[in-house]
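Summary of the model geometry
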Amino acid sequence: MSDELRDVKIEFAEVMKGYVSAEATTFADGYADGEKAGHALALHVTVRIADLHAFLHTEGHAGTLEGHVDCPLLGGVCPVQSGTFRLMPNTADRDRKVMYYQVYCTTPSGEQFTFVGNKQVQHTAPLDLWHDTTTLFVNVYRGHVDPEKPAQAALWVTGIISLGLLDFMQVLRGLSAKDAHGATSFAGLIAFGRFFAGKLWDVYGPHLPPAPSQPQRTYAKFTLEGVQGAAISMHPFSTADGLTLNLTRFSRAASDDVVLIVHGLTSSSDMFIMPEHRNLVQTLLDEGFPDVWTLDYRGSCRFPYNLARSRYNFDDIALFDHPAAIAELRRHIGPHRRIHVIAHCVGALTMAMSLFGKTVQGVSSVILNSVALTPHVPVWSGLKLALGPWASDYLLGIEYYNPSWRRQPGWSVGKLIAMGADLLHQECDSPECHMLSFMWGTGRPALFNHENMLKVTHDRLGDLFGGVDVHYYRHVHKMVAAGNTAVKFEPGNPRYAALPDNYFDHAAEIRTPILFVQGQDNRVFADSNIRCHERLEKIVPGRHRLHLVPGYGHQDIFMGKDVAKDVFPHLFAFLREHAHG
């Protein structure tokens, strides 16, 4: 059969239609805004596979594309100059395949663009096979760019197009397999159909959960070896409500511009000093910012009190942690040096609360990743936020959630939950990855795109993330329920009298410029920072900025293997704009 397939040519044509927008930054918003504005896009392509034998036996399962893109927003009919099609090659996720479409085109006015579309074939809901195999998520980039590096390209339009039922029937009717003599190859049709069905079975067929691997520890826990050529010093300090936190200083020289970096909940400052890739602290030092500090606030996995039930909420962090950290920082650097803050996840949310709640002042610029004053989560995450804390406290008796439960000896409720997460998540063999998805988002995986992560990073997720008290989730839920707005958790509690009930109350008065950063594939806080930027634009137009990172999710913005090339240059450009001398 194998020799019989040599020189067999496969050909079929597809027409996919939908809507796109040049203003939106997520696929769903691009479709919705494009539909409202009437900005249709249609992809008319013929897929050609020149040698079925080679196609079946090479890893990429690639063919070529010919045809045109028809989109008034891009100037009309744009012929395809060259194009690549890949049919469900293996990805970094065990249970996900991608149908990949990439074409280089030129508009009627002569402007070049790169069209990249992906059908995400992953069994995440009942009866989702049809949707997955007919829905194309589209990004169009200016110029003929390297489509493997979307984060470095300039996004032009985004949206969703799809294959209708009648169009699908046309694909089937037009599917042909021809041998070297031009005759129909029934063996080729059977082989191609068997390949396609087998790939779908890999995703949608029943499977046992993967056995968790037992990775060897490559780096010591809480290691500092990821930063070279700097004096490193620890600076513990106390908060007004009686907790000891820590600042770590990485210094090469005195500087008028000091950078403070803040982690997310369940992680720590370790996420910014990882030895396995060019990390944020090292890159800042090398790029002309010689005085860098990291903060471990009360949400850090370095502190044991996160493995116990408490009633801390985000107001505590905004009122007690960040102001005390800035005060301690000022004690060392003096009152006149400029402070620039880079913050992630709950660190970004609470830093925004401190800034807009006026408990932190005198900051020259702020970069906030993933979420700020408008927390928005996927539907499944919303259900977990509503039910999870109550069930944990009163039904299961769980004080905290720990991504490392699965590897702990003996039996516990937590270990049973972790085993359940393993059943639901078959995209990899890391129980820590499965639990983090269960704890923090919607998706497989939720926190990052696997293809952005080094194996060594994926293997040590249990060292980089720790336990978290479930009470914090209640504050996220309250903000989501309050119209996706950062609000005080207990408005009548005198402990928090210094904070506003709604953190947008003083938005017009806050002059510190903010860069909101958002991964286009964020499955933890979805489009939260896009929403925040839109709301602040209505209050103080032009004061703040938004930067979207295609191909990235939530955590990989800082922990991905290529962030020094894909993400950091955009952050540093903003910092330099607000630094002087």
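Residues numbered from 1 in each chain as written. Predicted model: local features only at pLDDT ≥ 70, side-chain atom pairs only at ≥ 80, totals over all residues. Heavy atoms only, no water.

1. Some details on the overall build of the protein
From N to C terminus, the protein includes 18 helices and 19 strands. The principal-axis extent of the C-alpha atoms belonging to the protein is close to 80 × 60 × 50 Å. The 581 residues of the protein split such that 57% are buried. Residue pairs in contact within the protein that sit at least 24 positions apart in sequence constitute 71% of those at least 6 positions apart. Of the roughly 22900 Å² of accessible surface on the protein, a fraction of 56% belongs to carbon and sulfur atoms. (Helix = DSSP H or I, 4+ residues; strand = E, 2+ residues; numbered from the N terminus. Buried < 20%, exposed > 50% of the residue type's maximum accessible area, 1.4 Å probe, protein only. Contact = heavy atoms within 4.5 Å. Areas by Shrake-Rupley, 256 points an atom, 1.4 Å probe, with all protein chains shown as cover.)

2. Here's the deal with the environment of histidine 53
Tracing the backbone shows histidine 53 in helix α2 (residues 52–57). Remark: the alpha-carbon pair of histidine 53 and histidine 544, spanning 491 residues in sequence, is separated by 54 Å. At 3.4 Å, the side chain of histidine 53 forms a polar contact with the side chain of arginine 6. (Polar contact = N/O pair within 3.5 Å; in protein donor to acceptor, adjacent residues only side chain to side chain.)

3. Observations regarding the pattern of salt bridges
Scanning the model with the defined rule gives 33 salt bridges in all. Put simply, aspartate 257 and arginine 338 hold a salt bridge, and the shortest N to O gap is 2.8 Å. Separated by 81 residues along the polypeptide, aspartate 257 in strand β12 (residues 257–262) and arginine 338 in strand β14 (residues 338–344) bring together distant segments of the chain. Between glutamate 427 and arginine 444 there is a salt bridge, with its nearest N and O atoms 3.8 Å apart. In this pair, glutamate 427 is assigned in the loop between α10 (413–424) and α11 (431–440) and arginine 444 in the loop between α11 and α12 (455–459), connecting sequence segments 17 residues apart. Judged on exposure class, the residue glutamate 427 and its partner arginine 444 are both buried. (Salt bridge = Lys/Arg side-chain N within 4 Å of Asp/Glu carboxyl O.)

4. Digging into α10
Its twelve residues place the ends of α10 17 Å apart at the C-alpha level, agreeing with the 16 Å of an ideal helix rising 1.5 Å per residue. Considered for burial, the residues of α10 that qualify are Gly414, Lys415, Ile417, Ala418, Ala421 and Asp422. The buried residues of α10 occupy one face: seen down the axis, they fall within an arc of 155°. Facing away from the buried side of α10 by over 90 degrees, the exposed positions are Leu416, Leu423 and Leu424. (Expected span 1.5 Å × (residues − 1). Arc of directions from axis to C-beta.)

5. Section: empty space enclosed by the protein
For the coordinates displayed, the defined rule picks out three cavities of 30 Å³ or more. There is about 70 Å³ of room inside the largest cavity. As for the largest cavity, its lining consists of 13 residues, of which Leu265, Thr266, Phe465, His554 and Gln555 are closest to the centre. For the lining of the largest cavity, a count of residues per class yields seven nonpolar, six polar and no charged. (1 Å grid on protein atoms, 1.4 Å probe; cavity = no way out; pocket = protein on both sides within 12 Å on 5 of 7 lines; lining within 4 Å. Points joined across faces, edges and corners; volume = space filled by probe spheres on them. Nonpolar A, V, L, I, M, F, W, Y, C, P; charged D, E, K, R; others polar.)

6. Some remarks on the packing of aromatic side chains
By the definition in use, this model includes 18 aromatic pairs. Plain terms: the ring middles of tyrosine 401 and tryptophan 405 are 5.4 Å apart, the flat faces sit at 50° to each other, and that makes the pair tilted. Classification of tyrosine 401 by relative accessible area gives buried; the value is 9%. On the accessibility criterion, tryptophan 405 (5% relative accessible area) is buried. Members of the aromatic cluster, connected to one another through ring pairs, are Phe12, Phe55, Phe85, Tyr101, Phe192 and Phe195. The positively charged end of arginine 142 is found above the aromatic ring belonging to tryptophan 156, 4.2 Å away from the centroid. Taking the ring centre of phenylalanine 489 as reference, the NZ or CZ of lysine 478 above it sits at 5.7 Å. (Phe/Tyr/Trp six-rings, centres within 6.5 Å; stacked < 30°, edge-to-face > 60°. Lys NZ or Arg CZ within 6 Å of the ring centre and 35° of its normal.)

7. Quick word on the layout of surface pockets
Rolled over the atoms, a probe as big as a water molecule pinpoints where empty space is left. In this structure, the second largest pocket encloses a volume near 470 Å³. Around the second largest pocket, the lining is made up of 26 residues, and of these Arg217, Lys221, Ser404, Gly462 and Asp463 lie nearest the centre. Those elements giving two or more residues to the lining of the second largest pocket turn out to be α12 and α13 (461–464). Of the residues forming the lining of the second largest pocket, the biggest block, three residues, is contributed by α13. Here the lining of the second largest pocket is built from residues that sort into nine nonpolar, nine polar and eight charged.

8. Remarks on unusual backbone geometry
Here arginine 444 and proline 445 are connected by a cis peptide whose omega angle stands at -5°. Along the polypeptide, proline 445 turns up in the loop between α11 and α12. Here the phi dihedral of threonine 266 falls at roughly 80°; this positive angle occurs in a residue that is not glycine. Topologically, threonine 266 is positioned in the loop between β12 and α6 (280–286).

9. Details of the side chain of histidine 533
Inspection of the secondary structure puts histidine 533 in helix α15 (residues 528–539). What histidine 533 contacts, discounting residues up to four positions off in sequence, is Phe516, His544, Arg545 and Leu546.

10. Notes on the environment of tryptophan 411
If you trace the backbone, tryptophan 411 turns up in the loop between β16 (400–401) and α10. Taking the relative accessible area as the measure of exposure, tryptophan 411 reaches 65% and is therefore exposed. Separated by 144 residues in sequence, tryptophan 411 and serine 267 have C-alpha atoms that sit 25 Å apart. For tryptophan 411, the residues in contact, after removing those within four places along its chain, are Leu416 and Met419.

11. Side note on the pairing of β14
If a strand is regular, its side chains alternate between the two faces of the sheet. In terms of burial, β14 is largely enclosed, as six of its seven residues are buried. Pairing of β12 with β14 involves six bridges; the strand directions are parallel. Bridged to aspartate 257 within β14 is arginine 338. With five bridges connecting them, β14 and strand β15 (residues 365–369) associate as parallel partners. When the sheet's bridge partners are listed, valine 341 is paired in β15 with valine 366. Crossover handedness for the path β14 to helix α8 (residues 345–356) to β15: right-handed. (Pairing = 2+ DSSP bridges. Right-handed = clockwise from strand over helix to strand, strands pointing away.)

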